[in-house]
Amino acid sequence: MRFHSLVFAAVCLASCTIPGADRSPVVAESKDLSITLDQLDERVKQDLLDERTGGQETKLYELRSNALDQWIRERVVDAEAKSRGVEADALLEAEAGPISDDEIQAFFDENKKRLPPDTKLADVEEPIRQHLHARKVDAAIDALVAKADVQIHLEPPRIEVAAIGESQGPDDAPVTIVEFGDFQCPYCRRAAPVIKELRKRYPDQLRLVYRNLPLESIHPRARAAAEAAVCAGEQHRFWEFHDRVFATQNALADADLRAKAEQVGVELEPYDACLAAGTPKARIAADIEAAREAGISGTPAFVVNGVLLTGAQPIEVFERLIQRELAAADGAP
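First things first, this report covers the structure right here in the doc. The structure displayed is predicted, hence computed values, not measured ones. (Residues numbered from 1 in each chain as written. Predicted model: local features only at pLDDT ≥ 70, side-chain atom pairs only at ≥ 80, totals over all residues. Heavy atoms only, no water.)

**Section: the side chain of R207**
As a reminder, the rule being used: Comment: elements are numbered from the N terminus, with helices defined as DSSP H or I runs of at least four residues and strands as E runs of at least two. The contact criterion used is simple: two residues touch if any of their non-hydrogen atoms lie within 4.5 Å.
With respect to the helices, strands and loops of the structure, R207 is situated in strand β5 (residues 206-212). Beyond its immediate sequence surroundings of up to four residues, R207 is in contact with A163, S167, Q168, G169, P170, D171, A173, V175, T176 and I177.

**Observations concerning the packing of helix α9 (residues 238-247) against helix α10 (residues 254-263)**
Let me state the cut-off plainly: Helix axes are fitted to C-alpha atoms over the stretch in contact, other axes to C-alpha atoms as well, and angles between N-to-C directions run from 0 to 180 degrees. When describing relative orientation, an angle under 35 degrees is termed roughly parallel and one over 145 degrees roughly antiparallel, while 65 to 115 degrees is termed roughly perpendicular and anything else oblique. Definitions for this section: a left-handed crossing has its near helix turned counterclockwise from the far helix by less than a right angle. A right-handed crossing has that turn clockwise. Classification used: nonpolar for Ala, Val, Leu, Ile, Met, Phe, Trp, Tyr, Cys and Pro, charged for Asp, Glu, Lys and Arg, polar for all others including Gly.
Axis separation between α9 and α10 bottoms out at 9 Å; the angle between their running directions is 130°. The angle between α9 and α10 falls in the class oblique. Crossing angle aside, the handedness with which α9 passes α10 is right-handed. Mapping the contact onto sequence places F241, R244 and V245 in α9 and L257, K260, A261 and Q263 in α10. Looking at the contact of α9 with α10 residue by residue, the classes come out as four nonpolar, one polar and two charged.

**Describing the nonpolar core**
So the rule is basically this: Working definition of a nonpolar core: buried Ala, Val, Leu, Ile, Met, Phe, Trp, Tyr and Cys residues. They are joined through side-chain atoms within 4.5 Å. Here the term buried applies to any residue with accessible area under 20% of the maximum for its type, exposed to any over 50%, and partly exposed to those in between, with areas from a 1.4 Å probe on protein chains only.
One finds F183, L198, F241, L257 and F318 to be the most contacted residues of the largest nonpolar core, which totals 46 residues. It is helix α8 (residues 222-234) that provides the largest number of residues to this core, a total of eight residues. Residues in contact with F183, not counting those within four places in the same chain, are Y210, N212, A225, A226, A229, F238, H242, V245, F246, Q249 and L252. By size, the runner-up hydrophobic cluster in this structure holds 13 residues, among which are V161, V178, A291 and A301.

**Quick notes on unusual backbone geometry**
Cis geometry is adopted by the peptide bond preceding P300, which originates at T299 and carries an omega value of -5°. Within the fold, P300 resides in the loop between α12 (279-293) and β6 (301-304). Residues other than glycine seldom take positive phi values, yet H236 does so here, at roughly 60°. Along the polypeptide, H236 turns up in the loop between α8 and α9.

Written out as structure tokens, the structure reads:
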């Protein structure tokens, strides 16, 4: 089975000495010194990590956490395969099982609208089969890891970000997610359904706070959308406006934003007055400054009880962190 360890890759250059080799090759020598490849790799390891993480603790944690997760999955699968007396690939094939024609047809029907109009099932049958197989293999590995009950003690760094802004969920929820978002950011749009699903799964345990981080250099309409959202929030229509903007993200001109506000029940006269008075400017400036102080420069960014997650992460990443935080709140070891 071909697993890739980010940890090992981080300490290697163009060529690597196989761990356990009798002697590392000498890469430089003179009368007074001798430098081996192992010594060189050890010296540059931190530089390579810094290059990949920018020296930031949160990015270093992400790198380590992802590598650890991959390593755990590899070790668990190998151990289970050994206990059954089979190869790892054979184990996963057996756990995943075959892909039925009905599954392929169902996937095709569900995603047909995303394909070119004349696409036939026969044209995409094999890619669909491979995709479904990969999903089943991942699910099988997840199940094996859950069964193994691995205890992870790698602690994430935490940053302080005030949970100030439009919010959903109980104020005393054990888990708070502060999202820094940009209404013109396509990745924020991709993340929105994930966050909405989390709110459904943890209605009493999760509080979501939204803060604005318009990236005007690449999204010229982001600030205008953020200002419109703040004014919609003045009439307690922020979340309805939030959802409407992401549903129709390609239309963000002033007239479009005004129309969206009206569509979600915002009264236009106070909305116009809010924008004219510049009411949102201080709020947005405070959000941008909070992001800067936290070292956040991209969107979407999510601070989960102080733990930073960047980008449109899959729901499983959030759930693992949320479950850890809930366990900690309950006093579990």
